[in-house]
Amino acid sequence: MEKPNLPRKILFFVIFAGIVIFLLILIPFVEDLLSANIVGFKEAVNEYISRVFGKTEGMMAETFVALLVQFFRILKVILWMSLIVSTIRFLRTLIFSTALRSSAYEFSTLLQNVLSIIIYIVTFFIIFNSQYPNVDLAALFTTSTILGVIIGLAMQDTLGNLFAGLAMQADQPFQIGDVISIPTKGTGVIENISWRGVKIRTFQNKFLIISNSVLGKEAIEVAPRDNLNARLVFFNTLYSNSPAKTIHTVREVVRQIENVSQKIRPIVRVRNLGDNGIDWEVKYWIEDYLKHNDTDALVRQRIWYALKREKIDFAYPTRTIHIETKAAENGFVETENEVFERLSYVPIFAPLSDEETQELAAGSRVRVFAPDEPIVWQGQPGKSMFVVHKGSVKVQIKKESQTKTLNTLREGDFFGEMGLLTGEPRTATVIAEEETQVLEIDNFCLKPILEDNPELVESFSRIVEERRNLLAEKQSERDTMKKTDNAGVFHSIKKFFGLDS
Ligand code: CMP
């Protein structure tokens, strides 16, 4: 059921309080009326009773009047208590859910409840004493052993929970929004802490409700909401692969993953020199711990792709190096012929002879990227260019805090030429849209071909100029990138490759 909003709550409270106050004002009048007419009233009651039940001693009327007086007293206690309870509940809603909601300060529900209960008890004592001044309520509670035993036994669990809850409140081991793991019970996000227990929403979107007294006895693992919590993911590689290369590859790929904190560099370290290969662990810190399962999965996926790209092999007890090399060949490594085919259909390489294209194909490498994985980053130094072989990529720039997509490039398109040809940092980030294979061409491979084909420098500079001008349009005015002309780009390419002489 939907909860009523604030104006409706105010209206309900005003109507309810109005009715209660009206009744409290009305009751003394009714009582006065009764005591003023009490003689006549008793006679009328006696007469009515004798008519209905036959002759009586007149005791019934006395009793009836006495009952009526008690009834009004009890009614007053009830009305006063309901007025107090509703006022306190209303004030709680007003103060804690409205006024303090925006501030970072979070007043615990447990303390709110305890405070309210104390106020209820004190006001009950005051109201009760005002109606029954001769009854010593405190003495009744403190001296009656049987009552004490009954209440004590009945409230054993409740009080146990309350005191465990208060102890936890003083300690503050966790707060709403933290993720906690309780052995044998489960893991989830704390949604509510009350005087009875803690409500946790598990990662299966179910609720786990644990009483404070049970929780007090458990060893709990807490991942605080406003903390950079670390995660560990394990993998292994063959002994033939260089550890330094593995560390570099995995660290660079993990730090680019969404939700992995940029503040602390991931740590990749050898856990064990195992029977089948090197056992590794990668430790990284995450921004939003609620997404740790997804982030762990993405880390494993990206490690797989990165190791494949760098030709680092996983170690499996049941597989030999020979089997794994074959799997890699079937998976991603294209034959030189296919690479040659692809490059010969790239329009910019059309002026090249077959031998030159063959030379380019021999010098290029096939690299595979996962969906949404960056291939080059804005600002990174660029030493190679890429041709999209299979799949597609999007070109994005960051302007202030916004990311803009400039273009989508498909099979046969190329990118990364700007950094390669001018020696400047990458002007944009290029991200794989799906699982994408690109051919990477290094500058030492391109240089002899540019030397022999001046028209290739010309076509490249035209495209670089077009892309630069588009980038300049998209950047804000304060950015330093200026519109360039073809001749400027042409000369800077020639200068960078030392082709001027
Ligand atoms: P580079 O600067 O080396 O790295 C990012 C690459 O994105 C850049 O080279 C270009 O190849 C590519 N790029 C930049 N702007 C565009 C654009 N408007 N359209 C297509 N590709 C672009």
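The written sequence of each chain sets the order in which its residues are numbered from 1. Reporting in this predicted model follows two pLDDT cut-offs: at least 70 for local features of residues, and 80 or more for side-chain atom pairs to be given and counted; totals over whole chains, interfaces and linings ignore these cut-offs and use all residues. As a rule here, side-chain values come from all non-hydrogen atoms in the structure, and water together with hydrogens is ignored.

(A) View of the pairing of strand β1 (residues 179-182). Direction of pairing for β1 relative to strand β5 (residues 221-223): antiparallel, over a ladder of three bridges. Paired with I180 across the strands is V222, a residue of β5. Any two strands are treated as partners once DSSP identifies two or more bridges connecting them. Only DSSP runs of H or I covering at least 4 residues are called helices, and only runs of E covering at least 2 are called strands; the numbering of each starts at the N terminus. Pairing of β1 with strand β2 (residues 186-193), which is carried by four bridges, proceeds in the antiparallel orientation. Bridging across to β2, I182 finds its partner in G186.

(B) Region of interest: the sheet that holds β1. With antiparallel pairing, the five strands of this open sheet are ordered in space as β4-β3-β2-β1-β5. Edge positions in the sheet fall to β4 (207-211) and β5, since each of these pairs with one other strand and no more. Strand-to-strand twist in this sheet, taken as the mean axis angle between neighbours without regard to direction, amounts to 35 degrees. Axis lines are fitted through C-alpha atoms, for helices just across the contact stretch, and the angle between N-to-C directions can take any value from 0 to 180 degrees.

(C) Quick peek at the sheet that holds strand β13 (residues 402-409). Ordered in space as β10-β15-β12-β13, the four strands form an open sheet in which the pairing is antiparallel. On the outer flanks of this sheet lie β10 (374-376) and β13, each paired with one strand and no other. In this sheet, neighbouring strand axes are inclined to one another by 35 degrees on average, regardless of whether the strands run parallel or antiparallel. The pairing of strand β12 (residues 393-399) with strand β15 (residues 429-432) spans four bridges and is classified as antiparallel. Residue pairing across strands places K394 opposite I431, the latter belonging to β15. Across the sheet, helix α16 (residues 454-474) lies against β12 and β13, angled at about 155 degrees from β13, the strand it touches most. By the convention used here, residues are in contact when the closest approach between their heavy atoms is within 4.5 Å.

(D) Up close: the nonpolar core. Only buried Ala, Val, Leu, Ile, Met, Phe, Trp, Tyr and Cys residues count toward a nonpolar core, and they belong to the same one when joined by side-chain atoms within 4.5 Å. Only protein chains enter the accessibility calculation, which uses a 1.4 Å probe. A residue is then buried if its area is under 20% of the maximum for its type, exposed if over 50%, and partly exposed in between. Core analysis: the biggest nonpolar cluster contains 47 residues, and F349, L446 and F460 have the highest contact counts within it. Tallying contributions element by element places α16 first for this core, with five residues. Those residues in contact with F349 that sit more than four places away from it in its chain are L343, L360, M385, V387, I441, L446, L456 and F460. One finds V233, Y284, Y289 and A306 within the second-largest nonpolar core, a separate group that totals 23 residues.

(E) Representation of the site of the ligand in the model. Neighbouring residues are identified by heavy atoms, a residue being near a molecule or strand if any of them is within 4 Å of it. Among the 16 residues in the neighbourhood of the ligand, the closest are listed as G416, E417, G419, R426 and T427. Two N or O atoms form a polar contact when they lie within 3.5 Å of each other; inside protein one atom must be a possible hydrogen donor and the other a possible acceptor, and for residues adjacent in sequence the pair counts only when both atoms belong to side chains. Here an oxygen atom of the ligand sits 2.7 Å away from a polar atom, N or O, in the side chain of R426. For the ligand, an oxygen atom lies 2.7 Å from a polar atom in the side chain of T427. Within the complex, 99% of the 460 Å² of free accessible area of the ligand lies under protein. Only β13, α14 (417-422) and α16 provide two or more residues apiece to the shell around the ligand. Partitioning the shell around the ligand into residue classes produces nine nonpolar, four polar and three charged. Each accessible area value is a Shrake-Rupley result obtained with a 1.4 Å probe; residue values ignore everything except the protein chains displayed when judging cover. Residue polarity follows a fixed list, in which Ala, Val, Leu, Ile, Met, Phe, Trp, Tyr, Cys and Pro are nonpolar, Asp, Glu, Lys and Arg are charged, and the others, Gly among them, are polar.

(F) Structural detail: the side chain of S364. Tracing the backbone through its elements, the reader meets S364 in strand β9 (residues 364-369). Side-chain polar atoms of S364 contact the backbone oxygen of A361, separated by 3.0 Å. When sequence neighbours within four positions are dropped, the list of residues in contact with S364 reads V339, L343, L439, E440 and I441.

(G) Quick look at the packing of helix α15 (residues 443-452) against α16. The contact between α15 and α16 brings their axes to 5 Å, and the two run at 110 degrees. With respect to α16, the element α15 is oriented roughly perpendicular. Note on element contacts: α16 touches α15 through P454, L456, V457 and F460, opposite L446, I449, L450 and D452. Residues belonging to the contact of α15 with α16 are distributed by class as follows: seven nonpolar, no polar and one charged. Should an angle fall under 35 degrees it is taken as roughly parallel, and over 145 as roughly antiparallel, whereas 65 to 115 is taken as roughly perpendicular and any remaining angle as oblique.

(H) Molecular detail of the confidence of the model for the protein. Mean pLDDT over the protein: 82, with 85% of residues reaching 70 or higher. In this model, residues 102-106 is a region of pLDDT below 50 whose contacts with residues beyond four sequence positions or in other chains number three contacts. With pLDDT under 50 throughout, residues 326-331 is counted as low confidence; its partners more than four residues away or in other chains account for one contact. The predictor rates its confidence in each residue with pLDDT, a number between 0 and 100.

(I) Representation of the packing of aromatic side chains in the model. Note on aromatic contacts: the rings of Phe and Tyr and the six-membered ring of Trp form a pair at centre separations within 6.5 Å, being stacked when their planes are under 30 degrees apart, edge-to-face when over 60 apart, and tilted otherwise. Tallied over the full model, the rule gives nine aromatic pairs. Look at F124 and F128: their rings are 5.6 Å apart centre to centre, the planes differ by 35 degrees, and that puts the pair in the tilted class. Taken together, the positions of F124 and F128, both in helix α4 (residues 109-131) and four residues apart, correspond to about one turn of that helix. Three or more aromatic residues link up through ring pairs in this structure, and these residues are F124, F128 and Y132. Criterion for a charge above a ring: Lys NZ or Arg CZ within 6 Å of the ring centre, and within 35 degrees of the ring normal. Positioned over the ring face of F207 is K199, at 4.6 Å from the centre of the ring. Its end group placed over the ring of F234, R271 keeps NZ or CZ at 4.2 Å from the ring centre.

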